[in-house]
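Breakdown of the fold
Here is what each chain is made of, one letter per residue.
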Amino acid sequence: MMIFRFFLLLFLALFILSCPKESQKISQNEKKSILLDLDEEYTNLYEKIKKSVVHLDVIGKDKNRVLEPISIGSGIVWDKEGHIITNNHVIEDMAQIDVKFSKEKKLKANLVGVSIDHDLAVLKVSGGNDFGFYPIKRIESVKNLKIGQQAFAMGSPHNFQGSFTKGIVSGLKRKILGNNKVSLRNLIQTDASINPGNSGGPLVNSKGEMMGISTIQISTGLGLAIPIDTINKVVNEIIKNGEYRRGKIGIGVNDSLNSFLLKEGQKGAVIFFVRKDSPADRLGLKPVVPVNNSVYIVKDILIEAHGQKINSGDDLISILDNFKPGDRIFIKVLRDDKVLKKEVVLD
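**What about the sheet that holds strand β12 (residues 222-227)?**
One closed barrel accounts for six strands, arranged β7-β8-β9-β12-β11-β10; its pairing is antiparallel. This sheet shows a mean twist of 50 degrees between the axes of neighbouring strands, independent of strand direction. Most of the contacts of helix α4 (residues 228-241) go to β12, to which it runs at about 45 degrees, and overall it touches β11 (210-219) and β12.

Right, dumping it as structure tokens:
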């Protein structure tokens, strides 16, 4: 009901402002009332989420191992146990992290674990019982998210804690290459202002429910956020086990050389190396044979995994991200122009 009222008020406000004077039937007092109601919706939304968003001061060590500030960022209260989530790139090279809450309360945080491939990190603070932790509410999935929906970002851009900006969902299923040379996929695009320092803060809908975590500003009016689906999967695993583990086959692909190693018109990911005692090794998969530093003899080409086409190592990682160690999947390998189908028990 709240979201319906929100959009109704927004529509009426825009309609009134765009109408010529002769066609306006609503009094000035009524127009002011609608705009004030809209203002109230925004301020109520801000009040609803502000206790769930924190400021991060990241302290590192210089070359003389002296502590010094190295970055700032934002974080999100995940649960009542004191877990805080943020981006991995915010806390890289940390020696100490100070978490500042909306009431100016500052607590030290310990690192629980990270997933570099997903640019996510989990921290934990203690000592918050005197004022309590307020976990952010969140949607279950972005699968029903629509382009054009309202989007609000909150965080500490340029060290201004508690900043709140408004925009819309501008795009879905975006992909960029992350810091670990692994693609971040299914990102939410928004024109809500995201600047340095916003990283790790929430992107929420009109109900104040978290849709994603602000990650990067590509340019003015173009920011990207990691979707809640990825966050739920990775964060819960880190909290439970201290790390995120995806299933592995035990092969390596050199994406920069892959296209040069394939024949013209050929598709797939050339197996560049096979890890000893891995599932790939046990299946007898064969890596390239180096002739010299620039010439290789291609043996096996991975062309499919779990029914999905493979054209790079990045494609394989994206597929394996949906599986755990011990899961079974089928792969197809091209060897001497013959397709071999094999079942793999993932490490």
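On we go from here.
**Structural notes on the nonpolar core**
In terms of nonpolar packing, the biggest core is built from 38 residues, with Ile 85, Ile 188, Leu 203, Met 210, Met 211, Ile 213 and Ile 231 touching the most fellow members. Counting residues per element, this core draws most heavily on α4, at five residues. Once residues within four sequence positions are removed from consideration, Ile 213 is found in contact with Ile 76, Ile 85, Thr 86, Asn 87, Leu 120, Gly 200, Gly 201, Leu 224, Ala 225, Ile 226 and Ile 231. Among the nonpolar cores identified, the runner-up in size contains 19 residues, and Ala 305, Ile 310, Leu 320 and Phe 323 belong to it.

**Re the side chain of Gln 189**
Among the structural elements, Gln 189 can be located in strand β9 (residues 183-190). Polar contacts involving the side chain of Gln 189 include one to the side chain of Arg 174, which spans 2.7 Å.

**Overview of the environment of Thr 190**
Within the fold, Thr 190 resides in strand β9. We classify Thr 190 as buried; its relative accessible area is 0%. Look past the residues within four positions of Thr 190 in its chain and what remains in contact with it is Ala 151, Ile 168, Ser 170, Leu 203, Gly 221, Leu 222 and Gly 223. A distance of 3.0 Å separates a polar atom in the side chain of Thr 190 from the backbone nitrogen of Ala 192.

**Considerations on unusual backbone geometry**
For His 306, which is not glycine, the phi dihedral falls at a positive 55 degrees. In this fold, His 306 is placed in the loop between β18 (300-305) and β19 (308-309). On the accessibility criterion, His 306 (42% relative accessible area) is partly exposed.

**Description of a nonpolar patch on the surface**
Taken together, the side chains of Val 289, Val 291, Val 295 and Ile 297 define a hydrophobic patch exposed on the protein surface, amounting to about 300 Å² of accessible area. With respect to the helices and strands, the residue Ile 297 is situated in strand β17 (residues 296-297).

**Examining α4**
A rise of 1.5 Å per residue sets the reference length of α4, with its 14 residues, at 20 Å; its end C-alpha atoms lie 20 Å apart and thus fit the reference within 8%. Those residues of α4 that fall on the buried side of the exposure criterion are Ile 228, Thr 230, Ile 231, Asn 232, Val 234, Val 235, Glu 237 and Ile 238. Looking at the buried side of α4, the elements it contacts are β3 (83-86), β5 (106-115), β6 (120-125), β11 and β12. Remark: Gly 242 follows α4 within two positions and exhibits a positive phi of approximately 80 degrees.

Calculation rules
Residues numbered from 1 in each chain as written. Predicted model: local features only at pLDDT ≥ 70, side-chain atom pairs only at ≥ 80, totals over all residues. Heavy atoms only, no water. Pairing = 2+ DSSP bridges. Helix = DSSP H or I, 4+ residues; strand = E, 2+ residues; numbered from the N terminus. Axes fitted to C-alpha atoms, helices over the stretch in contact; angles between N-to-C directions. Contact = heavy atoms within 4.5 Å. Core = buried A, V, L, I, M, F, W, Y, C linked by side-chain atoms within 4.5 Å. Buried < 20%, exposed > 50% of the residue type's maximum accessible area, 1.4 Å probe, protein only. Polar contact = N/O pair within 3.5 Å; in protein donor to acceptor, adjacent residues only side chain to side chain. Patch = residues over 30% accessible without salt bridge, like charges linked within 9 Å, V, L, I, M, F, W, Y side chains within 5 Å. Areas by Shrake-Rupley, 256 points an atom, 1.4 Å probe, with all protein chains shown as cover. Salt bridge = Lys/Arg side-chain N within 4 Å of Asp/Glu carboxyl O. Expected span 1.5 Å × (residues − 1).

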